[in-house]
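# Residue-level structure breakdown
Here is how the chains run, residue by residue.
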Amino acid sequence: MRLPSSAPLYCTTPARQELCSPRSFGYDSVVCVCNATYCDQPGIINFPEEGSFTVVTSSRDGLRFNVETFPVSSEDDLDAEEITVNREDVYHTILGFGGAFTDSTGLNVVALSSQLQEHFLRSYFAPEGIGYTIGRIPIAGCDCSTRTYSYDDVEGDDDLVHWNLTEEDHKYKIPLILRAKEMSAYPLKMFGSPWSSPAWMKTNGMFNGSGTLIYEYWQAWANYIVKFVDAYEAAGVKMWGLTPQNEPLGGLTDWKINAIGWSAESMRDWLRDNLGPTLEAAGYRRLKMMVHDFNRDSLISYIEPMLADPECAKYIDGTAVHWYSDNIISPEILDKIHALSPERFILYTEACQGWDVEGSELSVNLGSWLRAEQYVHSMLDAVNHYSTGWVDWNMALDTLGGPNWANIFLDAPVIIDAEAKEFYKQPMFYAIGHLSKFVVPGAKRISSSTSSNWLEAAAFIDPSGRTVVVVLNKDDDEEQLTVTDGSSYFLNFKIPPKAIQTILY
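As a convention, each chain's residues are numbered from 1 in the sequence order in which they are written. Residue-level local features of this predicted model are given only where pLDDT is at least 70; pairs of side-chain atoms are given and counted only at 80 or more, and the full residue set underlies all totals for whole chains, interfaces and linings. Calculation of side-chain values draws on the structure's entire complement of heavy atoms; hydrogens and water are dropped beforehand.

## Some words on the packing of helix α2 (residues 114-125) against helix α3 (residues 167-183)
A pair of packed helices can be characterised by two numbers: the angle between their axes and the separation between those axes. Here, axes are lines fitted to C-alpha atoms. For helices the fit covers the stretch in contact, and angles between N-to-C directions go from 0 to 180 degrees. Under the scheme used here, helices are H or I runs from DSSP no shorter than 4 residues and strands are E runs no shorter than 2 residues, and both carry numbers assigned from the N terminus. Two elements in contact, α2 and α3, have axes separated by 9 Å at closest approach and are oriented at 55 degrees. Accordingly, the angle class assigned to the pair α2 and α3 is oblique. Viewed along their axes, α2 and α3 form a crossing whose handedness is right-handed. Of the residues in α3, those touching α2 at Q117, E118, L121, R122 and F125 are L176, R179, A180 and M183. If an angle is under 35 degrees, it is roughly parallel; if it is over 145, roughly antiparallel; if it lies from 65 to 115, roughly perpendicular; otherwise it is oblique. Note: crossing handedness is left-handed where the near helix turns anticlockwise from the far helix by less than a right angle, and right-handed where it turns clockwise. Residues count as neighbours in contact if any of their non-hydrogen atoms are within 4.5 Å of one another.

Shown next as structure tokens:
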């Protein structure tokens, strides 16, 4: 196995690069082990001097943010695969990348020592880590909780006099968010998503299953959402956005996890008549409202009725998308959503691995490069079709992929073994980092193309005016590459087999 060089070339100030401490669990790559005394960090990787370019590489063979700087060339490598970038062909602006502050993430993190908690948060949010800039907050309980609950489980409390945040918020969410905010170089864009109302507000009297919101509680539920924003902002968590419902079509079926069923028409009416006006009256129209928050297969049919109603559409700022049907629905559907309303943004708000395992197969695959590759494919696919970013699901889970009250265990970029007093950064963690660390808020996506089906790429103009290119090599062979953007110089370098690279110039 090829491991990172003991003396890589890198430009880091003020935080130096710290290398991966690898461990194999029998999958096709390694995890990087963090304990109280050591945790790898990429460091602050700057753009190189003019006349040079920097290549940051992670690979199946064990490289993790390996940094090399090369001189630009005046000659094209005629034998190389080519990546062509057009800096004049500018598309949308990037909002950022991030993950969710679930109960399960928080419970696992607070089980660690204070030093390990610091390593964890710095890995995700600090400039020397992978620089997350977006955070998703489940509003009360979700499947990634140890129990089903809401903020008001007193039946018949229409006026919400018993509404209160819970232990989960005070122990597992708010403290971690506040610390992450302190570390981040950018203002964190925090958005909330409800999974279920109190069970007594639903037609089936359950947190999950097939049930919709009883009509007489439509206004009370809107008031409930405003109370969430009030409470989090009072705790120091400034909110950036909301989705009105996680996976709204799920609750129209026998959904295994917390849900409320909303048809496109009922969501249109509730957003228009209740939630939108209630947020506006409370002074929260500044929050970005992202509708849908579900898979690509229902995008057009769900969005069109809401945008067709001007009184509903005025409360909509963007479309939230999950990745779970991406393998069967072409990304061109995102182009159609953009064309419906070019002034509104698209944001991928949930993805995770391990959700579809069956039988005795483990949800957690410690060291799986395949899952990292699938993540990068999704991210490049999304941003090349107007997504302004990509938000992962749980930032951390335990070695079984939980806790999860519904016993739907999952995988995560970081797996925590509290008993062993360590956590493991999976290949997925570094895969996300190849975009989240370098494609910062305010960057603009520009057009790019590759000469090989084995290569995928996306390109961006940094807010500084310089260029960032992210490349995925799906082949089992090393490839010679040339990046050209129509200028008189070329970037000639190699990409290892099964590797991800970020190029800065």
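From this point, things continue past the structure.
## A short note on the packing of aromatic side chains
Each aromatic ring pair is specified by the distance between its two centres and by the angle formed by the two planes. In this scheme Phe, Tyr and Trp rings, the latter by its six-membered ring, pair at centre separations within 6.5 Å, and the angle between planes marks the pair as stacked below 30 degrees, edge-to-face above 60, and tilted otherwise. Tallied over the entire structure, the rule returns 30 aromatic pairs. Ring geometry for Y151 and Y224: centres 5.9 Å apart, planes at 25 degrees, overall stacked. Of this pair, Y151 sits in the loop between β7 (134-139) and α3 while Y224 is found in helix α4 (residues 218-234), placing the two residues 73 residues apart along the sequence. Here Y151 and Y224 have matching classes, each one buried. For the cation-ring pair, R147 lies above Y149, with the distance from its terminal atom to the ring centre recorded as 4.2 Å. Working rule: Lys NZ or Arg CZ, within 6 Å of ring centre, within 35 degrees of ring normal, means a charge sits over the ring. Looking at R445, its charged tip hangs above the ring of Y91, at a distance of 4.0 Å from the centre. Note on classification: 1.4 Å probe, protein chains only; a residue is buried when its accessible area is under 20% of the maximum for its type, exposed when over 50%, partly exposed between these limits.

## Thoughts on the sheet that holds strand β9 (residues 241-242)
Any two strands between which DSSP finds at least two bridges are classified as paired. Taken together, 8 strands build a closed barrel; the order of strands is β6-β7-β8-β9-β10-β11-β12-β13 and the barrel is parallel. Of the strand pairs in this sheet, strand β10 (residues 288-294) and strand β11 (residues 318-322) are connected by 4 bridges, and their pairing is parallel. Bridging from a neighbouring strand, V291 pairs with T319 of β11.

## What about the pattern of salt bridges?
By salt bridge we mean one thing: a side-chain nitrogen of Lys or Arg within 4 Å of a carboxyl oxygen of Asp or Glu. Evaluated as defined, the whole model comprises 26 salt bridges. Here D273 and R272 are joined by a salt bridge, their closest N and O atoms 2.7 Å apart. Classification of R272 as partly exposed rests on a relative accessible area of 23%. Salt bridges sharing common partners tie together E118, R122, E128, R179 and E182.

## A few points about the pairing of strand β22 (residues 499-504)
Summarising burial for β22: 6 of the 6 residues are buried, a large majority. Alternating positions in β22 separate into two faces, A499, Q501 and I503 on one and I500, T502 and L504 on the other, with burial throughout. In the sheet, strand β3 (residues 52-59) pairs with β22 via 6 bridges, with the strands oriented antiparallel. When the sheet's bridge partners are listed, V55 is paired in β22 with I503. When strand β19 (residues 467-473) meets β22, the two strands line up antiparallel, connected through 6 bridges. Note on β22: the bridge partner recorded for V471 is Q501.

## A short note on the state of the cysteines
Cysteine sulfur atoms are paired as a disulfide whenever they come within 2.5 Å of each other. Enumeration over the complete set of coordinates arrives at 2 disulfides. Paired by a disulfide, C20 and C32 hold their sulfur atoms 2.0 Å apart. Because the torsion about its S-S bond is -105 degrees, the bridge between C20 and C32 counts as left-handed. Placement of the pair is C20 in the segment before β1 (22-23) and C32 in strand β2 (residues 31-34), with a sequence separation of 12 residues. Across the disulfide from C34 sits C39; the S-S distance is 2.1 Å. Negative torsions about the S-S bond denote left-handed disulfides, and the value of about 65 degrees found for C34 with C39 makes this one right-handed. For the pair C34 and C39, one class covers both residues: buried. For the protein chain, the disulfide bridges join cysteines in the arrangement 1-2, 3-4, where the cysteines are counted in sequence order.

## So, the sheet that holds strand β16 (residues 422-425)
Pairing is mixed across the open sheet formed by 5 strands, whose spatial order is β1-β2-β16-β15-β14. With partners counted over all chains shown, the strands left at the sheet margins are β1 and β14 (396-398), one partner each. When β1 meets β2, the two strands line up antiparallel, connected through 2 bridges. Note on β2: the bridge partner recorded for P22 is C32. In the packing of helix α1 (residues 103-110) onto the sheet, the strands contacted are β14 and β15 (414-417), and the crossing angle to β14 comes to about 70 degrees.

## Quick notes on the environment of P194
With respect to the helices, strands and loops of the structure, P194 is situated in strand β8 (residues 189-194). What P194 contacts, discounting residues up to four positions off in sequence, is I139, W221, I225, T243, P244, Q245 and N246.

## Some details on the packing of α4 against helix α5 (residues 264-281)
Running from amino to carboxyl end, α4 crosses α5 at an angle of 50 degrees, the nearest separation of the two axes being 9 Å. By the angle between their axes, α4 is oblique relative to α5. Judged by the twist between their axes, the crossing of α4 over α5 is right-handed. On the side of α4, the interface is formed by W218, Q219, W221, A222, N223, I225 and V226, while α5 contributes S266, D269, W270, N274, L275, T278 and L279. Residues of the contact of α4 with α5, tallied by class, amount to 8 nonpolar, 5 polar and 1 charged. Under this grouping Gly is polar, as are all residues other than the nonpolar Ala, Val, Leu, Ile, Met, Phe, Trp, Tyr, Cys and Pro and the charged Asp, Glu, Lys and Arg.

## Some words on a nonpolar patch on the surface
Without a salt bridge and with relative accessible area above 30%, a residue can belong to a patch; like charges are then joined within 9 Å and nonpolar side chains (Val, Leu, Ile, Met, Phe, Trp, Tyr) within 5 Å. Computed with the Shrake-Rupley method and a 1.4 Å probe, the accessible areas treat only the protein chains shown as cover for residues. On the surface, F25, Y27 and L362 cluster together into a nonpolar patch covering about 280 Å² of accessible area. Tracing the backbone shows Y27 in the loop between β1 and β2.

## Thoughts on the side chain of Q17
Here Q17 is to be found in the segment before β1. Accessibility expressed as a relative area gives 3% for Q17, which makes it buried. N or O atoms within 3.5 Å of each other form a polar contact, as long as, within protein, one can give a hydrogen and the other can take it, and as long as residues adjacent in sequence are counted only when both atoms are side-chain atoms. A polar contact is formed between the side chain of Q17 and the backbone oxygen of F65, at a distance of 2.5 Å.

## Points about α4
Between the first and last residue of a helix there are one fewer steps than residues, each counted as 1.5 Å, and that sum is the expected span. Here α4 spans 25 Å end to end across 17 residues, near enough to the 24 Å set by a 1.5 Å rise per residue. Taken residue by residue, α4 has W218, A220, W221, A222, Y224, I225, V226, F228, V229, A231 and Y232 as its buried positions. Contact partners of the buried residues in α4: β7, α3, β8, β9 and α5. Of the residues flanking the end of α4, it is G236, one or two places downstream, whose phi is positive at about 100 degrees.

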